[in-house]
Number of protein chains: 2
Amino acid sequence: MNRTLFYNLIYNNHPMEILVEDGLIKEMAPQAALAENQEATRYDCGGYLLLPAFVDSHTHPDKTIMGMDYRHDYKETDLLSIIEAERALRGKTGLDTFTQASRYIERITALGTLFTRSHVDVDTENGLKGLEGVLEAREKYDDILTMQIVAFPQSGLVVRKGTYELLDEALKMGADVVGGLDPSSIDRDPKASIDAIFKLAEKHGKPVDIHLHEPGDLGGFSLDLIADKTIALGMQGRVSVSHAFCLKHQKRAFIEKLGKAGIHIVTSAFSDITPAVGPLLSAGINVCAGNDNVQDFWSPYGTGDMLERARFVSMRNDFKTEDDMNTAIDLCTENGARMMGLEHYGLSVGCNADFLLVKSDCITSAVSLIPESRIIVKGGKAILGV
Amino acid sequence: MNRTLFYNLIYNNHPMEILVEDGLIKEMAPQAALAENQEATRYDCGGYLLLPAFVDSHTHPDKTIMGMDYRHDYKETDLLSIIEAERALRGKTGLDTFTQASRYIERITALGTLFTRSHVDVDTENGLKGLEGVLEAREKYDDILTMQIVAFPQSGLVVRKGTYELLDEALKMGADVVGGLDPSSIDRDPKASIDAIFKLAEKHGKPVDIHLHEPGDLGGFSLDLIADKTIALGMQGRVSVSHAFCLKHQKRAFIEKLGKAGIHIVTSAFSDITPAVGPLLSAGINVCAGNDNVQDFWSPYGTGDMLERARFVSMRNDFKTEDDMNTAIDLCTENGARMMGLEHYGLSVGCNADFLLVKSDCITSAVSLIPESRIIVKGGKAILGV
């Protein structure tokens, strides 16, 4: 039996300690209440703040150029040009997906992200090469990171013949989620696009995660079709929509419909077109956060850090109180775990001992100041972070 | 004669070296061109990226709670309530301005900010106590930081009898700039407010720096009055307006008028009400950046880092190319130096050897990733950063 007592840590503004037995949280108690336990290895957490391990609900490990020559020529601005340019870039730069995904995983796990949902491009030009690289990286880092892979038609599904079959193959190869992209503006045929996505989902018994950049009424229309389909197929709780910029200006009744359809909304919450988090949460929507692009053709920004993402969520939503900041952390932890359907996740007795210790004295200071100094605990084993 | 050769550094994407003699930049040349110079101490810069020292054009060292108990109850949202609450807070928390300003200065200089324009609250309740503390801190850190102090009527000038006399006294005590705040919405009498500010400026021969939060047409009106007064008094180049949220929606002709009046615009460039930088620059306005609030009653955010501020400027303005990122850095360096009227500032022969080395390979990666690892050089002397 393997027992470790993590002591001298802060949780909810109080000193705490955690007893871990064979990788599970066995006991949590105020500081020193478990101190006489002699059979456990003792681990001094240095007064750090305890958080559950981060869940990054939207990542792209196949396309980061992290560690490669830094590009200086991000000139494209509209969606289609970026998609075209990126597809070409893969060949030009000789981007090796396994290597890049590995670099990415090493970075994010050191920052405390132990769970991700990763979108991997599948298209008729690059085929399944990206997926193969990410599958290989997932396997390699299996002991530290839990990754769900979305087979993602970044270049369009219906609009690009042959993509459906590739997605089908990707799901057979090990992808966990059916991806989609702008059924109206990119796929040009919302009904056919949504039908195809859900057909694959039914066939493979998999959840759905759709990128929806479409603005205003157009996005609202696509999202409404997605909600109807979700309800018709009884897939409540198994459908996610990423970005959903259109939700910035939708009526309360519509947002509530999405809540009832159990649609998860995933946000990267930086730009001012991202919907405010509060109204979505209060309509019963599970809102999750993700880093999205980390140093890739879409954006030179992005460090991969979910604590930074929590800060972006907070700043974007004018969060100022400790309660607000806790909400931001929820988006980066519990809510993502709910979307991913993770079992035994969290900070309570019986859960897997996957957690994070941050050099900070409260959630507000952690979210505001993003300390780099961290201790990552996976299955009860402490690993020093960055 | 004191000579140091800083070698193994990157400037404009090329290897460079810098010979410093008695605190001044004596020569700058491609890597190894100066290598045979035997009389100089050699300093290996580790391949770091060279930037001029940061100029933080808008700071509040008198009100940060850095290092104090972190507050969790930022509930106020409107301007007047925050002002009231902050004034009360000073007494309650026993905030000691000298201590806080000292902490602040130690932090920002370690991050590479060697020049600041600091607004210090002067009001009829706290009087000149804050100013005394900041003056004392300025004196203490005189060898590393150059600070201009703005006597700032945070609680209003015209609207609060006795403030004018306190500002007058502050300028006699050593404040360098006459501050002002929302002549219409806070002072309730724009003509009287602007007259009072410029009267003090004329009397003491000092420049002006006005906080202007007023939105849309109201802010445009106040700003127009400020521009007229500036032109009438021949104070072109000696008037700054901080925030100027109203500029988000002003016509080109008006923005050009501000450019001709030589009005500097200072932005903290995070929230989506901040004006876009491009149109201001192209109308000939000198735009500078500042951290503004760093962990105080106004905001729990803020690390004091100007490289982070450059990133906010970049993200807010959708900057993606190396040229764009250079513009963001200009706002945090050269443009601020221009506003402050700093002499011998910059990276050219004859300038003071005040510069910064950042662990990065290009401006894009520096701005995107904000590396903490830095070497600060002040007067030719290398100081390790954070």
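To be clear, the structure that these remarks concern was listed above.
Residues numbered from 1 in each chain as written. Chains lettered and ligands numbered in written order. Predicted model: local features only at pLDDT ≥ 70, side-chain atom pairs only at ≥ 80, totals over all residues. Heavy atoms only, no water.

**Re the layout of surface pockets**
Link 1 in the chain: Each pocket or cavity is described by its volume, and for the largest pocket that value is around 1,500 Å³.
Link 2 in the chain: Lining the largest pocket are 44 residues; nearest its centre among them are Glu372(A), Leu369(B), Ile370(B), Pro371(B) and Glu372(B).
Link 3 in the chain: Counting only elements with at least two residues in the lining of the largest pocket, the list comes to strand S4 (41-52), helix H2 (97-110), helix H9 (306-316) and helix H12 (363-369) of chain A together with helix H2 (97-110), helix H9 (306-316) and helix H12 (363-369) of chain B.
Link 4 in the chain: Looking at side-chain class alone, the lining of the largest pocket contains 15 nonpolar, twelve polar and 17 charged residues. (1 Å grid on protein atoms, 1.4 Å probe; cavity = no way out; pocket = protein on both sides within 12 Å on 5 of 7 lines; lining within 4 Å. Points joined across faces, edges and corners; volume = space filled by probe spheres on them. Helix = DSSP H or I, 4+ residues; strand = E, 2+ residues; numbered from the N terminus. Nonpolar A, V, L, I, M, F, W, Y, C, P; charged D, E, K, R; others polar.)

**So, the relation of the copies chain B and chain A**
The pair of chain copies shares a relation made of a rotation about an axis and a shift along it.
Link 1 in the chain: By a simple turn and slide, chain B fits onto chain A: the slide is 0.0 Å along the axis, the RMSD is 0.0 Å, and the turn is 180 degrees. In short, the pair behaves as if placed about a two-fold rotation axis. Relative to the rotation axis, the C-alpha of Asp272(B) is the closest in chain B, positioned 3.2 Å from it.
Link 2 in the chain: Most of the interface of chain B is mirrored in chain A, where 100% of its interface residues are also at the interface. (Least-squares fit on C-alpha atoms with pLDDT ≥ 70 in both. Contact = heavy atoms within 4.5 Å.)

**Points about the packing of helix H5 (residues 190-204) of chain B against helix H6 (residues 216-232) of chain B**
All names here are of chain B.
Link 1 in the chain: Between H5 and H6, the least distance of the axes is 10 Å, while the angle of their chain directions is 40 degrees. Like other packed secondary-structure pairs, H5 and H6 cross with a definite hand, here right-handed. Between H5 and H6, the contacting residues are Pro190, Ile194, Asp195 and Phe198 on the first element and Phe221, Ser222, Leu225, Ile226, Lys229 and Thr230 on the second.
Link 2 in the chain: In terms of residue class, the contact of H5 with H6 is built from six nonpolar, two polar and two charged. (Axes fitted to C-alpha atoms, helices over the stretch in contact; angles between N-to-C directions. Left-handed = near helix turned anticlockwise from the far one by under 90°.)

**With respect to the interface of chain B and chain A**
Link 1 in the chain: Of the residues lining the interface, 32 residues belong to chain B; the matching set on chain A comes to 32 residues.
Link 2 in the chain: Carbon and sulfur atoms make up 61% of the surface buried where chain B meets chain A, a total of about 3,000 Å² over both sides.
Link 3 in the chain: Our count for the contact surface shared by chain B and chain A stands at four salt bridges.
Link 4 in the chain: Of the charged contacts, one joins Asp272(B) and Arg316(A) as a salt bridge, the two residues approaching to 3.1 Å between their closest N and O atoms. (Buried area = accessible area lost by both parts, 1.4 Å probe. Salt bridge = Lys/Arg side-chain N within 4 Å of Asp/Glu carboxyl O.)

**Observations concerning the pattern of salt bridges**
Link 1 in the chain: Applying the stated criterion across every chain yields a total of 46 salt bridges over all chains.
Link 2 in the chain: Of the charged contacts, one joins Glu308(B) and Arg311(A) as a salt bridge, the two residues approaching to 2.7 Å between their closest N and O atoms. In this pair, Glu308(B) sits in helix H9 while Arg311(A) sits in helix H9, so the two residues belong to two different chains.
Link 3 in the chain: Given the relative accessible area of 6%, Glu308(B) is considered buried.
Link 4 in the chain: According to the relative accessible area criterion, Arg311(A) is buried, its value standing at 2%.
Link 5 in the chain: Salt bridges sharing common partners tie together Asp62(A), Lys63(A), Glu86(A), Arg90(A) and Asp121(A). (Buried < 20%, exposed > 50% of the residue type's maximum accessible area, 1.4 Å probe, protein only.)

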